Amino acid sequence: MMTWMDRYLYAVTRRLPKSMREDIERELRSNLMDALEERLEGRDATEQDVLELLNEFGDPEKVASEYMPEKRYLIGPELIDLYWMILKIVGIAVGIGLTIALVISALQGEPTQKGLIEIIIGYFGTLWSAAISLVGTITIIFAVIQYTTAGQEFSHSKAAEELRQAGKEIGEAFKETEISHTVKSKQAKVKQTKTWSADQLPAVPASSDRVSISDSVVSLVFIGLALLVFNVYPDKIGAYFFDNTAEKWVGVPLFNVAILSAYVMFYNFVWILEALLHVRLIQTGRWGFAERMVKILISLLGLGIFIALIQNPAVFNSEGIKAGLIQYGVDLSGLAKLGMLNLRILMVIVILGTAVEVIKQGYYAVKSKVV
Amino acid sequence: MTQNDAIQNLMQELRRGTLVIGVLSQLHEPEYGYSLVQKLNDCGMTIDQGTLYPLLRRLEKQSLLESNWEVEDPRPRRYYQLSDSGREALEALKTEWNELVKTMNLMLSLESEEALK
């Protein structure tokens, strides 16, 4: 008979933090016994009495949740939209990247001469493991953010404390990277959680200051692609020829991967900075002065790296390309000239493009300060 | 959710808001869980025990109540009583409640007149 009560108490307390269990069980048992005694009016308790009492008391899950009134989230409602968005963006970027990699390796024919089906199975395998690690990593990052900012009141176990400590450190590092709004956002965050007053409402952005979310999302996708391709598959960037004798596609890498990697390191910094900028833009929905300054910085840094890269002939796999061109019977002399010309034209285009971007951002930045 | 459920839900929400003031008002003298249930019941306030006991703990955590275990026959019981800040909170809640009653009575009497037309 009493086993029903034990079962009930266990069903409630097992849902509670360890530190609270013993005390709550003791108190609940005492209360339940009082209630049972009251309804018995002197006679001995039957199994039926206990069951009725427990039914009246209600679902253990509900009772336990009354003891834990703070809703518990891994990722709370204030972060969940951003979480889904980033998951989608990164997912699409990686999906596209892997698909391109698949197509290239299928066209090339892997050295082991795998069949098409094997390649496709391998593709889904890679896609699956990439998806798992992506979702996992992003979820952990968000959970840490949740614990450090939103879930500050939730503190029970030592493990949670340690996790929070680690999260704080990561959070600090994250903040330092977001050069553009360190001070401002810190103030804003404090204001958001503590007091809010209408006079702090930001002005409705001028149409030139409004962020096009789709532009930012597309940028993020391409940044993701660039990060993936240049870091993981730099050797796949190149010219592709159909080899008639071997009856397959052969790729000639455009870059000397070992030398390129030094430049990629700098580009990674610029790309990640740009990705952070776009995340920030999507969050705030407006181009502020700081955002424009960061954009100018990114443009100039990118241009600098680009010029350095293009000035260094060792970056390009010249020998390989030449050999490839000869082997596959392409007219070499004309193409080489064209190649040099192309590089010059490309440089002019990139410089002009950067100049336009810098002037545009500078103009709006000044305008926003003047008005 | 049927219309009836929705109405039930609304009434439950309305009652829930009054729980704290009701509970605090009955704890000038120490009470243990079940004795408080009966006391509230006698006044006409029905409350699930599964709601009340966690509420008592929360109020204690907020320092509005103090508690201690009394070893007595037939079993040890935890007694709750208002703390100093609990008394203060109760006074503030009472003032607020009286204002609310005034406002609501006014609004509802106007509504009755309106409905009669």
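Just so we're clear, the structure is a prediction, and the values are computed from it rather than from any experiment.

**Some words on the overall build of chain A**
Summing up its helical and strand segments, chain A has 13 helices and two strands in all. Every one of the 371 residues in chain A was classed for burial, and the buried ones make up 13%. Put simply, 73% of the contacts in chain A that link residues at least 6 apart link residues at least 24 apart.

**A look at the overall build of chain B**
Counting its regular elements, chain B contains four helices and three strands. Along chain B, helices and strands appear, N-terminal first, in the series α-β-α-α-β-β-α. Looking at chain B residue by residue over its 117 residues, the buried ones come to 22%. Sequence separation of 24 or more characterises 43% of the internal contacts of chain B that already satisfy a separation of 6 or more.

**Digging into the interface of chain B and chain A**
On the chain A side, the residues contacting the 14 residues of chain B number 14 residues. Contributions of two or more residues to the side of chain B that touches chain A are made by helix H2 (33-43), helix H3 (49-61) and strand S3 (77-82) of chain B. Element by element, the count of residues in the side of chain B that touches chain A is highest for H3 of chain B, at seven residues. Broken down by class, the residue content of the side of chain B that touches chain A amounts to four nonpolar, four polar and six charged.

**Structural notes on the environment of Leu-40 of chain A**
All names here are of chain A. Topologically, Leu-40 is positioned in helix H2 (residues 18-40). Leu-40 gets classed as partly exposed once you count the C-beta atoms within 10 Å, which come to 13. If sequence neighbours within four positions are ignored, Leu-40 has contacts with Ala-45 and Asp-49.

**Considerations on the sheet that holds strand S2 (residues 65-70) of chain B**
Consider a sheet: its strands pair through backbone hydrogen bonds, and that pairing is either parallel or antiparallel. All names here are of chain B. Across the sheet, which stays open at both edges, the three strands sit in the order S1-S3-S2 with antiparallel pairing between neighbours. The sheet terminates laterally at strand S1 (31-32) and S2, the two strands that pair on one side only. Sheet topology note: the S1/S3 ladder contains two bridges and is antiparallel. Within S3, the residue paired with Glu-31 across the bridge is Tyr-80.

**Some points on the confidence of the model for chain B**
Mean pLDDT over chain B works out to 91, with 99% of the residues at or above the 70 mark. With a pTM of 0.51, the predicted complex shows an ipTM of 0.83.

**Comments concerning the nonpolar core**
Judged by nonpolar contacts, the single largest core of 22 residues is most densely connected at Leu-24, Leu-27, Leu-56 and Leu-65 of chain B. Among the secondary structure elements, those contributing two or more residues to this core are helix H1 (2-13), H2, helix H3 (47-57) and helix H4 (60-67) of chain A together with helix H1 (3-25), H3, S3 and helix H4 (84-116) of chain B. By residue number, the principal contributor to this core is H3 of chain B, which donates four residues. Sequence-distant contacts of Leu-27 of chain B, that is, excluding residues within four places in its chain, are made with Leu-65, Tyr-80, Gln-81 and Leu-82 of chain B.

**A few points about the confidence of the model for chain A**
Residues and elements named next belong to chain A. Looking at chain A as a whole, the pLDDT averages 76, with 77% of positions reaching at least 70. Per-element averaging of pLDDT across chain A places helix H8 (residues 182-193) at the bottom with 45 and helix H11 (residues 289-311) at the top with 91. Across residues 150-160, where pLDDT falls below 50, the model places 12 contacts with residues more than four positions away in sequence or in other chains.

**Quick look at the pairing of S2 of chain B**
Residues and elements named next belong to chain B. Note: S2 against S3, six bridges, orientation antiparallel. Each bridged residue has a counterpart across the sheet, and for Glu-66 the counterpart in S3 is Gln-81. Hairpin connection from S2 to S3: six residues lie between these consecutive antiparallel strands.

**Considering the packing of H1 of chain A against H4 of chain A**
Residues and elements named next belong to chain A. At their nearest, the axes of H1 and H4 sit 8 Å apart, and the two run at 45° to each other. Judged on the interaxial angle alone, H4 and H1 are oblique. Between H1 and H4 lies a crossing of right-handed hand. Taking contact as the criterion, the partners of Tyr-8, Ala-11 and Val-12 in H1 are, on H4, Pro-60, Val-63 and Ala-64. Each residue belonging to the contact of H1 with H4 can be placed in one class, and the counts come to six nonpolar, no polar and no charged.

**A word on unusual backbone geometry**
At Ser-63 of chain B, a position not held by glycine, the phi torsion is positive, near 65°. As for its position among the elements, Ser-63 of chain B is in the loop between H3 and S2.

**Looking at the packing of H2 of chain A against H3 of chain A**
Residues and elements named next belong to chain A. Interaxial distance between H2 and H3 falls to 10 Å at its minimum, and their mutual angle equals 120°. When the axes of H2 and H3 are compared, the pair comes out oblique. Considering only the axes of H2 and H3, their crossing is right-handed. Residue-level contacts link Leu-32, Ala-35, Leu-36, Arg-39 and Leu-40 of H2 to Asp-49, Val-50 and Leu-53 of H3. Classifying every residue of the contact of H2 with H3 gives six nonpolar, no polar and two charged.

What counts as what
Residues numbered from 1 in each chain as written. Chains lettered and ligands numbered in written order. Predicted model: local features only at pLDDT ≥ 70, side-chain atom pairs only at ≥ 80, totals over all residues. Helix = DSSP H or I, 4+ residues; strand = E, 2+ residues; numbered from the N terminus. Buried ≥ 20, exposed ≤ 12 C-beta atoms within 10 Å, placed from the backbone. Contact = placed C-beta atoms within 7 Å. Nonpolar A, V, L, I, M, F, W, Y, C, P; charged D, E, K, R; others polar. Pairing = 2+ DSSP bridges. pLDDT = per-residue confidence, 0-100. Core = buried A, V, L, I, M, F, W, Y, C linked by C-beta atoms within 7 Å. Axes fitted to C-alpha atoms, helices over the stretch in contact; angles between N-to-C directions. Parallel < 35°, antiparallel > 145°, perpendicular 65-115°, else oblique. Left-handed = near helix turned anticlockwise from the far one by under 90°.

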